[in-house]
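Results of the structural survey
Next come the chains, spelled out residue by residue.
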Amino acid sequence: MSTVGGGVDLEAFLVREKERVEASLTEALSSLLAKVPGAYAPAIQHGVLSGGKRLRPILCVAAYRAAGGKDDGVYALAVSLELIHAYSLMHDDLPCMDDAELRRGEPTTHKIHGEGPTMVAGALLIPLAAFQAWKAAHGMGLDDKGGRALVSELSRAAGGGGMVGGQVLDLLGEGRTLSVPELDDLHRRKTGALLRASLRMGGIAAGASDRALEAFDEYGRAIGLAFQIADDLLDATSDAQALGKNPSDAELGKSTYVTLFGVEEASRRAHELAEEAVTALRGGGIGAPELEALSRYIVDRTR
Ligand code: GRG
């Protein structure tokens, strides 16, 4: 992958943005960790700083820029999404959930820091993420109303109607064949809600118009599902070493887009959704070559 339509060198863009996100995450943790009992700091640091594509913050910043935002304080806002994402992976890997030993090619947080500390560290990240979003909103000069809109966007996406609700459906669905609407609903919540919030938070922080916010929303919904289909395809076609994680969906007895549609049709659907995302942006009058390239990257990625 290098230059993608619209003249964007996506590889260079991702490297540059990831570096800025990492710096912002490290800075955020150095002040946030002062607010938690010291015994949990190592597990939090491991869960947050042990790699990952940093896709959610990158999407948030890209939406902010596409809506005309200029303040680099947006990185501090964007990392609030990554704090929620990090907690979700730490908890998802616990023995009471997916019981995973490997994530991003490394031992999972509970394998290194223990189950209890990882559970507490993950839980501590939830209010820290909300506080981070609130602090960042004010740092960017937004008023309390703007700050509340951002924290509420983040909390809604992470909550029962979003990520946690989707995870519950996922756990309940193990060993059962789900229908397509059931699988769509599960993933719109579990994976899609936070991706969608990434776009919306970027738009809100930039003071985007209702029309632009609607376009970000549609883009976020489409890439949310496309991302999950791509995830299922990778899970079905790679081994644990190549993927850097275990166990596989098949080992967990989960319904996936691949088990429901097969590889070819699932891949066709993912690409169709990526194009729908691009159409939504253009329909909303948003010229954002980076977001267009990101929607295609999300379905063509190899990890
Ligand atoms: C209390 C029931 C309950 C739930 C707690 C555990 C949890 C909340 C939610 C789990 C949500 C989850 C695991 C979603 C998976 C999303 C997903 C596909 C993750 C992989 O995302 P990438 O590819 O990961 O962006 P990297 O490693 O790049 O950060």
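Look up a bit, the structure's there.
Below, the structure is looked at part by part. Worth saying up front: this structure is predicted, and the values here are computed from it rather than measured.

Let's talk about the overall build of the protein
Scanning the protein from N- to C-terminus turns up 14 helices and four strands. Computed over C-alpha atoms, the radius of gyration of the protein comes to 18 Å, within 12% of the 19 Å expected from 2.2 N^0.38 for 303 residues, which places it in the range of a compact globule. The C-alpha extent of the protein, read off along each of the three principal axes, is 50 × 45 × 35 Å. Here the protein holds 303 residues, and the buried ones make up 51% of them. Nonlocal contacts in the protein, meaning residues at least 24 apart in sequence, comprise 73% of its contacts between residues at least 6 apart. Carbon and sulfur atoms form 52% of the exposed surface of the protein, whose accessible area is close to 12700 Å². Taken as two groups, the 32 positive and 42 negative side-chain charges of the protein have centres that lie 4 Å from each other.

Observations regarding the packing of aromatic side chains
Applying the stated criterion to the full structure yields one aromatic pair. Ring centres 6.3 Å apart and planes at 5° place the aromatic pair Y257 and F261 in the stacked group. In this pair, Y257 and F261 both sit in helix α12 (residues 257–261), four residues apart, roughly one turn of the helix. Taking the ring centre of F227 as reference, the NZ or CZ of R56 above it sits at 5.5 Å. For R301, the ring lying beneath its charged end belongs to F227, and the centroid distance is 4.0 Å.

Overview of the site of the ligand
Looking at the ligand, there are 21 residues lining it, with K53, R56, H85, R104 and Q167 nearest. One of the side-chain nitrogen or oxygen atoms of H85 is found 2.7 Å away from an oxygen atom of the ligand. Burial of the ligand by the protein amounts to 88% of the accessible area it has alone, namely 750 Å². Only α4 (74–92), α8 (163–173), α9 (180–205) and α10 (210–237) provide two or more residues apiece to the shell around the ligand.

Considering unusual backbone geometry
The residue after N246, namely P247, is reached through a cis peptide bond having omega -10°. If you trace the backbone, P247 turns up in the loop between α11 (240–243) and α12. The backbone phi angle of R54 is positive, close to 60°, even though this residue is not glycine. Among the secondary structure elements, R54 is positioned in the loop between α2 (41–49) and α3 (55–66). The phi dihedral of R104 falls on the positive side, at around 55°, and the residue is not glycine. Looking at where R104 falls in the secondary structure, it is placed in the loop between β3 (102–103) and β4 (106–107).

Structural notes on the nonpolar core
Membership of the largest hydrophobic core comes to 89 residues, with the highest contact counts inside it found for L59, L77, L125, F216, Y219, L291 and L294. At twelve residues, the largest contribution of residues to this core is made by α10. If we skip the residues at most four places from it in the chain, L125 touches I44, V48, L83, A86, Y87 and M90.

Structural notes on a negative patch on the surface
On the surface, D210, E214, E218 and E276 cluster together to form a negatively charged patch. By residue number, the principal contributor to the negative patch is α10, which donates three residues. Its location among the elements puts E218 in helix α10.

Comments concerning the pattern of salt bridges
All told, the structure shown has 23 salt bridges when counted by the stated rule. We note a salt bridge from E265 to R268, for which the minimum N-O separation is 2.9 Å. With a gap of three residues between them, E265 and R268 both fall in helix α13 (residues 263–283), about one helical turn apart. Looking at E265, the relative accessible area reads 24%, which means it is partly exposed. Among the residues examined, R268 registers a relative accessible area of 42% and is labelled partly exposed. The network of salt bridges with shared partners includes E153, R156, R196, R200 and D217.

As for a nonpolar patch on the surface
The grouping of V164, V168, L169 and L172 at the surface amounts to a nonpolar patch, some 310 Å² of accessible area in total. Its relative accessible area of 41% is what places V168 among the partly exposed residues.

Procedures and definitions
- Residues numbered from 1 in each chain as written.
- Predicted model: local features only at pLDDT ≥ 70, side-chain atom pairs only at ≥ 80, totals over all residues.
- Heavy atoms only, no water.
- Helix = DSSP H or I, 4+ residues; strand = E, 2+ residues; numbered from the N terminus.
- Rg over C-alpha atoms; globule rule 2.2 N^0.38 Å.
- Buried < 20%, exposed > 50% of the residue type's maximum accessible area, 1.4 Å probe, protein only.
- Contact = heavy atoms within 4.5 Å.
- Areas by Shrake-Rupley, 256 points an atom, 1.4 Å probe, with all protein chains shown as cover.
- Lys, Arg positive; Asp, Glu negative; His and termini not counted.
- Charge placed at Lys NZ, Arg CZ, Asp CG, Glu CD.
- Phe/Tyr/Trp six-rings, centres within 6.5 Å; stacked < 30°, edge-to-face > 60°.
- Lys NZ or Arg CZ within 6 Å of the ring centre and 35° of its normal.
- Near = heavy atom within 4 Å.
- Polar contact = N/O pair within 3.5 Å; in protein donor to acceptor, adjacent residues only side chain to side chain.
- Core = buried A, V, L, I, M, F, W, Y, C linked by side-chain atoms within 4.5 Å.
- Patch = residues over 30% accessible without salt bridge, like charges linked within 9 Å, V, L, I, M, F, W, Y side chains within 5 Å.
- Salt bridge = Lys/Arg side-chain N within 4 Å of Asp/Glu carboxyl O.

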